[in-house]
Amino acid sequence: MTHPTRHPLNPHDPHGQWRRHRLLVRLGQTLMILGGIVVLVHWLAHLEVFGPGQPPGWLDLAAGYPTGAVLLIGGAIFAGRRRPTAGT
């Protein structure tokens, strides 16, 4: 059984807050890496590195640069956390 002050959901536990903060920062960094990979692969597809032909238009709108940008921006929001806050 864990001690009540060491429970990860306890807002008064600084260690639990720090662990949650680091988890969210790492999640943000992972999302940024994935966004960069999506943008890079999409760009390489436009350069026809994977074979002749351009990606279809719907793929440009759905899974190309917009998806990469959303992942990069969302990841930057999580990765840009300055310090842990109580209850988040």
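Once a new chain begins, its residue numbering starts again from 1 and follows that chain's sequence as written. Where local features are concerned, this predicted model is filtered to residues with pLDDT of at least 70; where side-chain atom pairs are given and counted, the filter is 80 or more; whole-chain, interface and lining totals use all residues. To obtain the side-chain values, all non-hydrogen atoms of the structure were included, while hydrogens and water were left out.

*Asks:* Explanation requested: the environment of Gln54 in the structure shown.
*Replies:* Per the convention used, a helix needs a DSSP run of H or I reaching at least four residues, while a strand needs a run of E reaching at least two, with both numbered from the N terminus. With respect to the helices and strands, Gln54 occurs in the loop between helix H1 (14-46) and helix H2 (57-62). Exposure remark for Gln54: the relative accessible area of 44% places this residue in the partly exposed category. Counting along the chain gives 12 residues from Gln54 to His42, while the straight-line C-alpha distance between them is 9.9 Å. Contacts are assigned to residue pairs that have any heavy atoms within 4.5 Å of one another. Beyond its immediate stretch of four places on either side in the chain, Gln54 contacts His46 and Glu48. Type-normalised accessible area, obtained with a 1.4 Å probe on protein chains alone, sets the label of each residue: buried when under 20%, exposed when over 50%, and partly exposed for intermediate values.

*Asks:* Just checking my understanding: could you explain unusual backbone geometry for this structure?
*Replies:* If a residue is not glycine, its phi is most likely negative; likewise, a peptide bond is most likely trans. Here the phi dihedral of Glu48 falls at roughly 60 degrees; this positive angle occurs in a residue that is not glycine. Positionally, Glu48 belongs in the loop between H1 and H2.

*Asks:* So what exactly am I meant to see when it comes to the pattern of salt bridges here?
*Replies:* Pairing between side chains becomes possible if they bear opposite charge and their charged atoms approach one another. Here a salt bridge means any side-chain nitrogen of Lys or Arg lying within 4 Å of a carboxyl oxygen belonging to Asp or Glu. As enumerated under the stated definition, the model contains one salt bridge in all. Arg19 is the salt-bridge partner of Asp13, the closest N and O atoms lying 3.9 Å from each other. Of the residues examined, Asp13 reaches a relative accessible area of 1% and is grouped as buried. Relative accessible area serves as the criterion here: at 45%, Arg19 is assigned to the partly exposed category.

*Asks:* I'm lost on the packing of H1 against helix H3 (residues 65-79) in this one. Help?
*Replies:* When two helices pack together, their arrangement is given by the angle between the helix axes and the distance between those axes. Working convention: axes come from line fits to C-alpha atoms, limited for helices to the stretch in contact. Angles between N-to-C directions cover 0 to 180 degrees. Following both chains from N to C, one finds H1 and H3 inclined at 160 degrees, their axes separated by 7 Å at the closest point. Comparing the axis directions of H1 and H3 gives the class roughly antiparallel. By crossing handedness, the relation of H1 to H3 is classed as left-handed. Here the residues of the contact of H1 with H3 sort into 15 nonpolar, nine polar and no charged. Small angles under 35 degrees read as roughly parallel and large ones over 145 as roughly antiparallel, with 65 to 115 read as roughly perpendicular and the rest as oblique. What makes a crossing left-handed is the near helix being turned counterclockwise from the far one by less than a right angle; a clockwise turn instead makes it right-handed. Each residue is assigned to one class: nonpolar for Ala, Val, Leu, Ile, Met, Phe, Trp, Tyr, Cys and Pro, charged for Asp, Glu, Lys and Arg, and polar for all the others, Gly among them.

*Asks:* Whenever I open this one, a nonpolar patch on the surface confuses me. Can you help?
*Replies:* A patch consists of residues whose relative accessible area exceeds 30% and which take part in no salt bridge; residues with like charges are grouped when within 9 Å of each other, and nonpolar side chains (Val, Leu, Ile, Met, Phe, Trp, Tyr) when within 5 Å. Residue-level accessible areas treat just the shown protein chains as cover; the underlying method is Shrake-Rupley with a 1.4 Å probe. A surface patch of nonpolar side chains, about 980 Å² in accessible area, is lined by Ile33, Leu34, Ile37, Leu40, Val41, Trp43, Leu47, Val49, Phe50 and Tyr65. Structurally, the position occupied by Ile33 is in helix H1. Taking the relative accessible area as the measure of exposure, Ile33 reaches 55% and is therefore exposed.

Honestly, that's just the spatial picture; any functional story needs more than this.
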